[in-house]
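Letter by letter, the chains look like this.
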Amino acid sequence: MQNRNLGSLTTSALGLGCMGMSEFYGPGDDAESVATIHRALDLGVTLLDTADMYGPFTNEQLVGRAIAGRRDEVVLATKFGIQRDGGTRRINGRPEYVRQAVDASLQRLGVDHIDLYYQHRVDPAVPVEETWGALAEAVAAGKVRHLGISEASPDSVRRAHAVHPITAGQYEYSLWTREPDDEIIPLFRELGIGLVAYSPLGRGFLSGEITSPSQFGADDFRATNPRFQGENFQKNLDLVAEVQQIAAAKGATPAQLALAWVLAQGDDIVPIPGTKRRTYLEQNAAALDVQLTADDLAAIEKLSIGRNVAGARYAEMGSLNK
């Protein structure tokens, strides 16, 4: 497995998103999920990504059980900042909450430090400097090694970075979500921040294995996601068909082509495709063997998938880019 640098943090070139093992993408299977994490480590995947709100809490516990005895093989990333109470969510960046959240995550994960700790969303009611002051305390106390931020605006990134260096920012980035190209990636390169690309497979759509909205159960997030609804679904399916053609010419799956494209955007970018099955993990890892030429990249760019995608990323966008 190749390595890459996210700021001052070295990780595998491909990470593993663990969220779907516990929630959002249909029923889970803890035994298979643990086996998937173990297989990832065997393949040299070091970056494991979770968050306290996944489950909530159960995903951190699952990851903690899976890495017990193998902690030194893992670059462990988790997040705080989204509190859930039943069906409601609130953003919380208060310093006192930061202190509680980091201790709770350490306990659930069963570790003495977190390698990369993200502010999941910026709290518009709390100056980001106050939140990051508490995060800097966690670093000084040895509870956290590196700090990250997710879906924050350029202004919030600069202000947080002035309090304590940001190692990595986590943003949705894929063939059909190109917004970070405009401001975030140039800013990160100016400041020496790495990009962790979540949903690099378009929540599975870019895999080519999704052909009908009927594939999603009521407990699947995609059942209500705008890009998977009505006319949007068919328009986006047509885009994936074009990706499939290029992938076939390369002897790759559409998912492998999509991941190879993200990897080709810079050595400071690490995609974290999520899966709860070993078979998909192994297929994703093989994307590192797909070499895209300048002509390949030009052909993919000509499709303009990011500009032609139909539907918003989320039904509710209010908590993003603060």
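None of these values were measured; they are calculated from a predicted model.

Before going further, it helps to spend a moment on the sheet that holds strand 3 (residues 16–17). As summarised here, the arrangement of the eight strands in space is 3-4-5-8-9-10-11-12, forming an open sheet in which the pairing is parallel. With partners counted over all chains shown, the strands left at the sheet margins are strand 3 and strand 12 (269–271), one partner each.

Okay, the pattern of salt bridges next. Within the structure shown, the criterion is met by 24 salt bridges. Note that R71 is salt-bridged to D115, the shortest N-O span being 3.0 Å. Of this pair, R71 sits in the loop between helix 2 (58–67) and strand 5 (75–80) while D115 sits in strand 8 (residues 114–119), and the two are 44 residues apart along the sequence. Just as R71 is buried, D115 falls in that class too. With a shortest N-O distance of 2.7 Å, E96 and R94 are connected by a salt bridge. On the accessibility criterion, R94 (31% relative accessible area) is partly exposed. Three or more residues are tied together by salt bridges with common partners; here these are E151, E172, R203 and R313.

Looking now at the UniProt feature "domain: NADP-dependent oxidoreductase" (unreviewed entry) in the protein. If you check UniProt for "domain: NADP-dependent oxidoreductase" (unreviewed entry), the listed places come out as residues 14–304 in our numbering. Helix makes up 40% of residues 14–304 and strand 15%. Its end C-alpha atoms lie 24 Å apart.

On to the packing of aromatic side chains. Scanning all chains against the criterion turns up 11 aromatic pairs. Ring plane angle 45° and centroid distance 5.6 Å describe the contact between Y173 and W261, whose orientation is recorded as tilted. Separated by 88 residues along the polypeptide, Y173 in the loop between strand 10 (168–172) and helix 6 (184–191) and W261 in helix 8 (residues 254–263) bring together distant segments of the chain. Across this residue pair, the class does not change: Y173 and W261 are buried. Ring centres of W176 and F228 lie 6.1 Å apart, and the angle between their planes is 90°; on these two criteria the pair is classed as edge-to-face. Remark: F228 occurs in the loop between strand 11 (194–198) and helix 7 (230–250) and W176 occurs in the loop between strand 10 and helix 6; sequence separation between them is 52 residues. The residues W176 and F228 share a single accessibility class, namely buried.

Turning our attention to the environment of S212. Take S212: it is sitting in the loop between strand 11 and helix 7. The sequence separation of S212 and A252 amounts to 40 residues, and the corresponding C-alpha distance is 23 Å.

Helix packing for two helices is described by the angle between their axes and how far apart those axes are. Two numbers describe how helix 4 (residues 128–140) lies on helix 5 (residues 154–163): the axes approach to 9 Å, and their chain directions differ by 40°. Here helix 4 runs over helix 5; the crossing is right-handed. Residue-level contacts link V128, E129, W132 and G133 of helix 4 to S156, R159, A160 and V163 of helix 5. Its residues assigned to classes, the contact of helix 4 with helix 5 shows four nonpolar, two polar and two charged.

Attention now goes to helix 8. Of all the 10 residues making up helix 8, 10 are buried; the element is thus mostly covered by neighbouring parts of the structure. Buried residues of helix 8: P254, A255, Q256, L257, A258, L259, A260, W261, V262 and L263, and no others. Close packing links the buried residues of helix 8 with strand 1 (3–6), strand 11, helix 7, strand 12, helix 9 (278–285) and helix 10 (294–302).

One can describe the packing of helix 1 (residues 30–42) onto helix 9 by two numbers: an axis separation of 9 Å at closest approach and a directional angle of 25°. Here helix 1 is positioned roughly parallel relative to helix 9, judged by the angle of their axes. Between helix 1 and helix 9 lies a crossing of right-handed hand. Across the interface between the two elements, E32, A35, T36, R39 and A40 from helix 1 touch R278, L281 and E282 from helix 9. Considering only residue class, the contact of helix 1 with helix 9 consists of three nonpolar, one polar and four charged.

What counts and how
- Residues numbered from 1 in each chain as written.
- Predicted model: local features only at pLDDT ≥ 70, side-chain atom pairs only at ≥ 80, totals over all residues.
- Heavy atoms only, no water.
- Pairing = 2+ DSSP bridges.
- Helix = DSSP H or I, 4+ residues; strand = E, 2+ residues; numbered from the N terminus.
- Salt bridge = Lys/Arg side-chain N within 4 Å of Asp/Glu carboxyl O.
- Buried < 20%, exposed > 50% of the residue type's maximum accessible area, 1.4 Å probe, protein only.
- UniProt positions renumbered as here; feature names shortened; annotations may be inferred.
- Phe/Tyr/Trp six-rings, centres within 6.5 Å; stacked < 30°, edge-to-face > 60°.
- Axes fitted to C-alpha atoms, helices over the stretch in contact; angles between N-to-C directions.
- Left-handed = near helix turned anticlockwise from the far one by under 90°.
- Contact = heavy atoms within 4.5 Å.
- Nonpolar A, V, L, I, M, F, W, Y, C, P; charged D, E, K, R; others polar.
- Parallel < 35°, antiparallel > 145°, perpendicular 65-115°, else oblique.

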